[in-house]
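# A look at the structure
The chain contents come next:
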Amino acid sequence: MNRLAAILALIAAPALAEPDAQALERLVRQDCGSCHGLTLKGGLGPDIRAEALSQYKQDTLKSVILDGIPGTPMPPWRPLLSEEEANWIAMYLLGGVAE
C-alpha cells in the first residue's frame, strides 16, 4: 500500500474506533522513517527508538507528533492523525520498536 493510501485509510477510520495498529506501525516505519531513518536510529531527524526517547513523557511525544516542532523539519500531523492515533504512536515508540 502506498503512503497516500495509508494516510487516507487512517483519515477514513471512525474517530471513536480503536487505532489500526498495523497501519500506524507502517506509518511510523515509512513516514517517520523517511526523516528519522528507516531503522529509526536517526537521519534528518533524531533517533526515535525507545532508548533515545526514554526521558520524554507520552503526552509530550503525542504533542510533538500532532503539532510538530516550529522552526524544524518536524511537521504537524494533526491534520492527518487523531489524538488516539498520535497517542498510540507515542506509546509504540516508548515501548520499543522491533529491529
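See above for the structure.
Presented here is a report on the structure given in the accompanying data block. Just so it is clear, the structure is predicted and the values come from calculations on it, not from any experiment. (Residues numbered from 1 in each chain as written. Predicted model: local features only at pLDDT ≥ 70, side-chain atom pairs only at ≥ 80, totals over all residues. Heavy atoms only, no water.)

### Concerning the overall build of the protein
What counts, and what does not: Helix and strand definitions follow DSSP, with helices as H or I runs of at least four residues and strands as E runs of at least two, each counted in order from the N terminus. Throughout, exposure labels follow a simple rule: accessible area from a 1.4 Å probe, protein chains only, divided by the maximum for the residue type, with under 20% read as buried, over 50% as exposed, and the rest as partly exposed. The contact definition used throughout considers only heavy atoms, calling two residues in contact when any of these lie within 4.5 Å. Only the protein chains shown count as covering a residue, and every accessible area follows the Shrake-Rupley method with a 1.4 Å probe.
Check the secondary structure of the protein and you find five helices and zero strands. The order of helices and strands in the protein, counted from the N terminus, is α-α-α-α-α. Residue burial in the protein is summarised as follows: out of 99 residues, 35% are buried. Within the protein, contacts between residues separated by at least 24 positions form 55% of all contacts whose residues are at least 6 apart in sequence. Carbon and sulfur atoms form 60% of the exposed surface of the protein, whose accessible area is close to 5900 Å².

### Here's the deal with unusual backbone geometry
Positive phi, normally seen in glycine, also occurs at Leu 40, with a value near 65°. With respect to the helices, strands and loops of the structure, Leu 40 is situated in the loop between helix H2 (21-36) and helix H3 (50-53).

### Considering helix H5 (residues 83-95)
Definition in use: Here the expected length of a helix is defined as 1.5 Å per residue gap, with one fewer gap than residues.
The terminal C-alpha atoms of H5, which comprises 13 residues, lie 18 Å apart, in line with the 18 Å expected from a rise of 1.5 Å per residue. Taken together, the buried positions of H5 are Glu 85, Ala 86, Trp 88, Ile 89, Ala 90, Tyr 92 and Leu 93.

### A look at the layout of surface pockets
The criterion, for reference: Here a cavity denotes a set of grid points, spaced 1 Å apart and computed over the protein atoms alone, in which a 1.4 Å probe fits but from which it cannot get out, and a pocket denotes an open set meeting protein on both sides within 12 Å along at least five of seven lines; residues with an atom within 4 Å of a point are reported as lining. Grid points are joined across faces, edges and corners, and a volume is the space filled by probe spheres set on the points. Classification used: nonpolar for Ala, Val, Leu, Ile, Met, Phe, Trp, Tyr, Cys and Pro, charged for Asp, Glu, Lys and Arg, polar for all others including Gly.
Its volume calculated, the largest pocket comes out at about 570 Å³. His 36, Pro 46, Ile 48, Val 64 and Met 74 are, among the 27 residues lining the largest pocket, the residues nearest its centre. Among the secondary structure elements, those contributing two or more residues to the lining of the largest pocket are H2, H3, helix H4 (58-67) and H5. With six residues, the single largest contributor to the lining of the largest pocket is H2. Partitioning the lining of the largest pocket into residue classes produces 20 nonpolar, four polar and three charged.

### Describing the environment of Gly 42
Its location among the elements puts Gly 42 in the loop between H2 and H3. Linking Gly 42 and Ala 52, residues 10 residues apart in sequence, is a C-alpha distance of 9.9 Å. For Gly 42, the contacting residues outside a window of four places in its chain are His 36, Gly 37 and Asp 47.

### Re the state of the cysteines
Stated precisely, the cut-off is as follows: Disulfides are defined as pairs of cysteine sulfur atoms found within 2.5 Å of each other.
Under the definition given, this model contains zero disulfides. Considering cysteine sulfurs only, Cys 35 is the nearest to Cys 32, which forms no disulfide, with 8.7 Å between them. Residue classification places Cys 32 among the buried positions, given a relative accessible area of 18%. Relative accessible area serves as the criterion here: at 26%, Cys 35 is assigned to the partly exposed category.

Such coordinate-based values are descriptive only and should not be taken to indicate function.
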